[in-house]
Amino acid sequence: MEFYHLRTFLTVAEEGHLTRAAEKLMTSQPAVSAQLRALEDEVGMKLFERTSKGMVLTSAGRSLREQAERIVEAAKDFKCQADALRDTISGELVLGLNNRPEILRLMEILGDLTTNHPELRYELLCGSSGVILQGLDEGSISIGFFEGECNNPKIIWHQLDTIELCLAAPVAWAEELAQPDWKKLEAKPWIFVSRMCSYFLAIQSICREQGLNVSPRFRVNEELTVLNLVADGLGLTLTSRSQVEAAGFKDRIVALPHFRAAVPLCIGYPSSKADDPAVMAVRDTVLKVWGKPRKAPLPPLAEVPTGANTPRRTATRPRLINTNRRRS
């Protein structure tokens, strides 16, 4: 029995689908099927039932799953202990990214890591904050960036910075929307992001508080596409100011005065990996890089001019300020 047979068995059990398991293991579906067959032949019993809904563990598979998890974890502990004894950190980590590299200071972080820990390898997984948090909870992501607070006791997290949120609109709409008026915004086309994204949750919060009935014209799960749609006058959205600034849209997109809020940008990892030398090496490097000032600050995003100053409020959860509240 090979160690990778157990990893494949556990991944298929977790995903319930051969194709998704193959993607997660970075191999092909036939290879996953062959490894499962080899493991079933060795133990002399079926571990999965192949159904129309996917792969379902048999009673024998359910009985052996916990033992397989203990073996895999023991092998990881063995590797970590061996690394500690030879004073070298190695292995492969899944690093979750919820934002553009410029915003996360990713190149600085990876440059430092490759210099100080040349034997570490990385799989970079991009997704919304919700996807990153789900991966951390499941253990499929070793360490990752996300926005917002985390109340999950299975995840340890550290705040790195504060991300400012804004309502972003095409420059061509700046004069029309110079004064806060939620009724005008309700009539405009909107662009919604992934339901797993913290920005989507913020839009939901706005709609509840303002009594809005907003129907999105577009739903997009990739931020750069969202910003291109806004810049070309196809709708407005809620996003982070740093996203607009980093993507080079500051001359084509403006921040509306209706809404100001901020959420924490964090780095997190499963509490079960708190003693993993590789995860700790990444955590320490991220905290060190974020403890230094940026080499080149991002350019500021243009504001829609108004007749009065708009006060700001920083919050760990998005909150509205200086609004022209629409009452139902």
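Quick caveat: nothing in here was measured; it's all calculated off a predicted structure. Residue numbers here run from 1 along each chain, matching the order of that chain's written sequence. Local features are withheld for residues below a pLDDT of 70 in this predicted model, meaning they are given only at 70 or higher, and side-chain atom pairs are given and counted only at 80 or more; totals for whole chains, interfaces and linings count all residues. Here the side-chain values reflect all heavy atoms present in the structure, with hydrogen atoms and water set aside.

**Some points on the overall build of the chain**
As a reminder of what qualifies: Only runs of H or I of at least four residues qualify as helices and only runs of E of at least two qualify as strands under DSSP, and these elements are numbered from the N terminus. A simple rule labels every residue: compare its accessible area, found with a 1.4 Å probe on the protein chains alone, to the largest value its type can have, and call it buried under 20%, exposed over 50%, or partly exposed in between. Contact between two residues is taken to exist if any of their heavy atoms lie within 4.5 Å; hydrogens are not considered. Each accessible area is a Shrake-Rupley estimate made with a 1.4 Å probe; only the visible protein chains count as cover when residues are assessed.
The secondary structure content of the chain amounts to 12 helices and 11 strands. Scored against the burial criterion, the 328 residues of the chain give a buried share of 47%. In the chain, the proportion of contacts linking residues at least 24 apart, taken out of those at least 6 apart, comes to 74%. Only carbon and sulfur atoms are counted for the fraction: they give 50% of the accessible area of the chain, which is about 16,700 Å².

**Quick word on the side chain of His 117**
Looking at the secondary structure, you find His 117 in the loop between α6 (106-116) and β4 (120-126). A residue is classified by how much of its surface remains accessible, and His 117, at 19% relative accessible area, is buried. Apart from residues lying up to four places away in sequence, His 117 is in contact with Ile 89 and Ala 281.

**With respect to the confidence of the model for the chain**
Worth spelling out the cut-off: Known as pLDDT, the predictor's confidence for each residue is given on a scale from 0 to 100.
Mean pLDDT for the chain: 82, with 86% of residues reaching 70 or above. Per-element confidence in the chain ranges from a low mean pLDDT of 79 for helix α9 (residues 198-210) to a high of 95 for strand β5 (residues 143-147). pLDDT under 50 marks residues 307-328. Its contacts with residues more than four places away, or in other chains, come to 58 contacts.

**Details of the nonpolar core**
Note the following rule: To define a nonpolar core, start from buried Ala, Val, Leu, Ile, Met, Phe, Trp, Tyr and Cys residues and group those joined through side-chain atoms within 4.5 Å.
In this structure, Phe 145, Leu 167 and Leu 238 are the most contacted members of the largest nonpolar core, which totals 63 residues. Considering each element in turn, this core owes the most residues, 8 residues, to helix α12 (residues 277-290). Once residues within four sequence positions are removed from consideration, Leu 238 is found in contact with Leu 165, Cys 166, Leu 167, Tyr 199, Ala 202, Ile 203, Ile 206 and Phe 259. Listed in part, the 17 residues of the second largest apolar core include Phe 9, Phe 48, Ala 68 and Val 72.

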